[in-house]
Amino acid sequence: MVIPLAQAQSFVLEHVAPLPVVETTIDEALACVVGRSVYAETDVPSFANSSMDGYALRASDTEGAPATLRVVGSISAGHVFDGTLEPGQAVRIMTGAPIPDGADAVAMVELCEPGDDGGTVVVTTETPAGNFIRRRGHDVATGQLLAEAGTPLRPAHLGVLAAQGFTTVPVHRRPRLGVLSTGDELFVGDEPLAPGKIRDANRHSLLGLIRQEGWEPVDLGVVRDDREALLDAFGRAGESCDALITSGGVSVGDFDIVRIVLDDVSGDSMRWMQIAIRPAKPFAFGTLANTNLPVFGLPGNPVSAMVSFELLVRPAVRRMAGHATVFRPSVCATATVDLARSRDGRVHFVRGVVSLDRQGRYVARPLEGQESHQLRAMASANALLILPDGEGVGRGGSVRALLSYPADVAAPSDDLPTGEADW
Ligand code: AMP
Ligand code: MG
């Protein structure tokens, strides 16, 4: 029976759960998802300091400027002024240095001139209290929320946490995902190919997809279409991985061993599906009865395997990783050519290129080579264009797209001159 994509997605999502929360060293936590909300324990900055190179002074001394003040010291970042600033005095101060006791403002150096006797400075304009002072807690105040549970950690979070003096952060464990290719035709080694053999593309693209998400890939190699070899690989995966991703062997052929073996060892949790999408129609999912290891059985065609990862594995593993949102949002793009298709009961995911027009709006075009073994087009694509069942979308019509690389959506080179912004 052919089922809608949403039903297949719900099934896999129901069978996975967020991984445990572990204290992880900050520098190993990038892209991990915060497991418990983290709050500030100290003020940052922890002391009032100067945001300019200039002179620390008493604001009241500069009323009716110019004002001549006696320079009683000089401090740079990392050093303190010993003592208290008295009326009529100034301290030369550099960015980041603590404001001396008694001072309540900083005059920027550009507005000061040396005095006549060498020991004084002339402040040329009135300096209001608080001028160029970064007060304590101005960035972060004690008790403030720094990273909410469910937040994927970005580089700025790591800096914010480190500024608190935290060395670890509670995050969901980074998923460890085993990748296995199956098929008697897969040739391992760099010698010339024997007749009928092909090289393994899928393991490498799937390992890359995993690494790209910030997850930990485990290369489990290639197995023949052989029951014992597959069971052995399932065992190895169960020992070291949070989930296993296989490719090949889930169609209706006699040697589609993943479907057959997974059915035997997953009990009731196994579903072999025909999903109403193109590519990536066949898919199997099961949780191994002995180890509880979730196994995603992807189709063998290289484009199908990657699309299956995007639509079924990625959402499930995002759930395991602790993400609050698991599906990639789609954007709306204008088709620059006809995106014709025929009615076949399936949603088509067309490998395409999405770019920006002069107004900064998305435009989309399909690539040549839309069959499921044509991986080269996948490599040139930055998006999957979603064509629901029907006649397709005409030129100028609107199409939804999943952007694989949102940050890399570029202006067409013949549309905007290099480097010229349109805003
Ligand atoms: P299967 O899903 O096992 O029926 O395989 C479908 C097609 O994908 C066949 O043409 C296989 O030879 C091919 N294929 C399977 N696994 C891989 C792989 N790891 N790399 C490249 N092509 C593969
Ligand atoms: Mg096969």
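Provided above is the structure to which this section pertains.
It should be emphasised that the depicted structure is a prediction, and the values quoted were computed from it without experimental measurement. (Residues numbered from 1 in each chain as written. Chains lettered and ligands numbered in written order. Predicted model: local features only at pLDDT ≥ 70, side-chain atom pairs only at ≥ 80, totals over all residues. Heavy atoms only, no water.)

Draft legend 1. Quick peek at the pairing of strand 26 (residues 362–366). Two elements, strand 23 (residues 330–335) and strand 26, share two bridges in a ladder whose sense is parallel. Paired with threonine 334 across the strands is valine 363, a residue of strand 26. In this structure, the hairpin formed by strand 25 (residues 347–356) and strand 26 is closed by a connection of five residues, where glycine 360 is found at a positive phi of approximately 80°. (Pairing = 2+ DSSP bridges. Helix = DSSP H or I, 4+ residues; strand = E, 2+ residues; numbered from the N terminus.)

Draft legend 2. Representation of the sheet that holds strand 5 (residues 54–57) within the structure. Taken together, six strands build an open sheet; the order of strands is 8-5-7-6-10-9 and the sheet is mixed. Strand pairing shows two members of the sheet lacking a second neighbour, strand 8 (105–108) and strand 9 (112–114), which therefore form its edges. Strand-to-strand twist in this sheet, taken as the mean axis angle between neighbours without regard to direction, amounts to 40°. Bridge count for strand 9 against strand 10 (residues 120–123) is three bridges, and the pairing is antiparallel. Within strand 10, the residue paired with cysteine 112 across the bridge is valine 123. (Axes fitted to C-alpha atoms, helices over the stretch in contact; angles between N-to-C directions.)

Draft legend 3. Focus on the packing of aromatic side chains. Within the structure shown, the criterion is met by two aromatic pairs. Centroid distance phenylalanine 11 to phenylalanine 285: 6.0 Å. Interplanar angle 85°. Geometry classified as edge-to-face. Highlighted residues: phenylalanine 11 in helix 1 (residues 5–14) and phenylalanine 285 in strand 21 (residues 282–287), separated in sequence by 274 residues. The residues phenylalanine 11 and phenylalanine 285 share a single accessibility class, namely buried. Within the aromatic cluster, the residues linked to one another by ring pairs are Phe11, Phe285 and Phe296. Directly above the aromatic system of tyrosine 55 lies the positively charged group of arginine 92, at a separation of 5.5 Å from the ring centroid. (Phe/Tyr/Trp six-rings, centres within 6.5 Å; stacked < 30°, edge-to-face > 60°. Buried < 20%, exposed > 50% of the residue type's maximum accessible area, 1.4 Å probe, protein only. Lys NZ or Arg CZ within 6 Å of the ring centre and 35° of its normal.)

Geometric descriptors of this kind do not, in isolation, establish any biological role.
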